[in-house]
Structure formats: structure tokens, C-alpha cells
Amino acid sequence: NSSDISPSSFILASIPGLEAAHFWMAILLCSMYILAVTGNCAVLFIVKMEPSLHAPMYFFLCMLAAIDLALSTSTVPRALSFYWFNTREISFDACLVQMFLIHTLSAIESTVLLAMAVDRYVAICHPLRHAAILTNAVTAKIGLVAMARGVLFFLPLLLLPLPFCSSRLLSHSFCLHQDVMNLACANTTPSMVYGLTAILLVMGLDAILICLSYILILKAVLRLASWKERLKVFSTCIAHICVVLAFYVPLIGLSVVHRFGKGLAPLVHIIMGNIYILVPTVLNPIIYGVGTKQIQRRILNLIHIYND
């Protein structure tokens, strides 16, 4: 019951026992997608229109918003067509492209989060040199390096052809590398090892360097004279810390479920996958909107103008 050729399509997974509730699940998914698109577009618009926000921190935030828009758009519309119109099949080529985009965009986001941590470190530990170190040109180069790093590390996943068994049923409503590899008939060890290595060298290394940046930041903050000064300086990092947690906690949770949760109910895999895709894209603009006074002020000005 197996074939040595790639299947023409894969079957996306439904939530067991909730097939009758697909319409309402689609409404929830669509609402979150609209929030993600609206929030991230608002961030891009506000930073573009506000000259005082033309600084490295906010340029990195724009990169983050663009990545979240691309990530949610590459997955959610296809999932919505599944839940609304029961189009469960996704072509093999479309699945591979979606898999590549998910992992590549996640790697780019991880690199941008690291760059934002470095920005906070330089701003707090070397404030007089911040403008000289993180110029607009350097910020643009970091963005290009982040893109190249994500593409180069995860492009080989598309170049490792494997035969697939007759089973075409995935564990999620979108395509992930680990999920697709579980359907292969041949030895998937090289592909799995490469995928894990790429994740460790990108997301794993970035997480370690982000932690190191905050250790250095904490040392600098604790050298300040008063607790009031310490809290004021460290408060500039709160939004970034929340965004880092919103990205890495679902990523780690999904990785653990895929590696060690073979005996878990399919519902756990599906929920973790949806959290990984949707939660960061929805939360990031909210976190920075609430935690950044300049963005808050611009949003309030726009609301006031609209009401007038």
C-alpha cells in the first residue's frame, strides 16, 4: 500500500469530534486573522507616518509586522477554505511551498527578535554609541541577513525528495516539515536531522543569544542608583520580552509535541499548531501597541481624527 512517487495531494486534518462546528471555528479563525492583519498593518502605517518613530527599534518592529502578515496569510486563508468549504486536499507542491514559508518566516522572525534584543542592549548599555552603531543602513543590512539566513537554512528541505506512503493525512490544517516527514515511506533520518539542526542553529542559537543580551542588560540596570531608574530603564524591554515569549513558547511547545507526543490525542497537535501560527501574529501588534507610548499616542490621534 505504498508508492515510490510523491502524492498529488495531502489531506488536511480536522479537529476530531468537532466536524459539525467547522463554521464557528472558521469564524474564530477569521476573526483572529482580521485582528492580525489589521494590527500589523496599523503598525506599518503608524511607523511610516510618524517621523519620530524612524529609528532602528521601530524598523525592526515593521519587519516583525511584515513577517507576521506573510506567515498568517500563507496559512490562514487555506485553513479557512478547509473549515468553510470542506476543501481538505492541498496539492503536494502547495504543501511544500507552505512548509517552506512557515519555517523560513519563523527563522527570519527569530533573527529579527535577536536584532531587537541587541538594539535594547546597545541602547541601555552603550546609549551614547547607539546612533552610531545601529544606523539605518546597518538596520537594513540586518533585515537582508535575516532573510538570507532563513532561506538558506530551510531551502534544502525542499531539495530532499522522498517517497510517500498511501497515507496522506496530515496532523494539522497546514503543512509542517515534521508532519510531512511522518508520512514518508523511506528513511527520513537525514531530513529530520537536518530540520532539527537548522532549528537549533537558527531559533536555538537566537534564543541563547537573546538570553545573553538580557543578562548583560540586567547587569547594567542593577548598577543604576535607584529602583525607580532601574524600573524606568528596564520597562523599555518589557514589550520585547513579551513578544519573545509569545514566539518561543508556542514554538517549543509544538516541537516537544511533535518529537515526544506521539501518543497524545490529535486534538493536542492541532491546538498547538494553531497557537504557533496565530497567537504571535495577533499578540505582537497588541503588545507593542499597549507597551509603546509613541504608538499609543499615534493610535489615539488617529481615533480622535476619525471621530471628528
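Residues numbered from 1 in each chain as written. Predicted model: local features only at pLDDT ≥ 70, side-chain atom pairs only at ≥ 80, totals over all residues. Heavy atoms only, no water.

Scanning the model with the defined rule gives 2 salt bridges in all. Ionic pairing is found between R120 and D119, a salt bridge with its closest N-O pair at 3.0 Å. An identical accessibility class is assigned to R120 and D119; each is buried. Among the ionic pairs, D206 bridges to R149, the shortest N-O distance being 2.9 Å. Of this pair, D206 sits in helix 7 (residues 189-222) while R149 is found in helix 5 (residues 136-154), placing the two residues 57 residues apart along the sequence. (Salt bridge = Lys/Arg side-chain N within 4 Å of Asp/Glu carboxyl O. Buried < 20%, exposed > 50% of the residue type's maximum accessible area, 1.4 Å probe, protein only. Helix = DSSP H or I, 4+ residues; strand = E, 2+ residues; numbered from the N terminus.)

Together, F23, W24, I27, W84 and F85 line one region of the surface with nonpolar side chains, adding up to about 590 Å² of accessible area. Of all the elements, helix 1 (residues 22-49) adds the most residues to the nonpolar patch, at 3 residues. As for its position among the elements, W84 is in helix 2 (residues 56-85). Judged by relative accessible area, W84 falls into the partly exposed class, the value being 34%. (Patch = residues over 30% accessible without salt bridge, like charges linked within 9 Å, V, L, I, M, F, W, Y side chains within 5 Å. Areas by Shrake-Rupley, 256 points an atom, 1.4 Å probe, with all protein chains shown as cover.)

For the rest of this paragraph, the subject is the state of the cysteines. Two cysteines joined by a covalent bond between their sulfur atoms form a disulfide. Under the definition given, this model contains 1 disulfide. There is a disulfide in this structure between C95 and C175, and the S-S distance comes to 2.0 Å. The sign of the -120 degrees torsion about the S-S bond sets the C95-C175 disulfide as left-handed. Here C95 is found in helix 3 (residues 92-125), whereas its partner C175 is found in the loop between helix 5 and helix 6 (177-181), with 80 residues between them in sequence. Of the residues examined, C95 reaches a relative accessible area of 0% and is grouped as buried. Between C242, a free cysteine, and C237, which holds the nearest cysteine sulfur, the sulfur-to-sulfur gap is 11 Å. With relative accessibility at 34%, the residue C242 sits in the partly exposed group. (Disulfide = S-S within 2.5 Å.)

The values reported here are purely geometric and, on their own, carry no functional implication.
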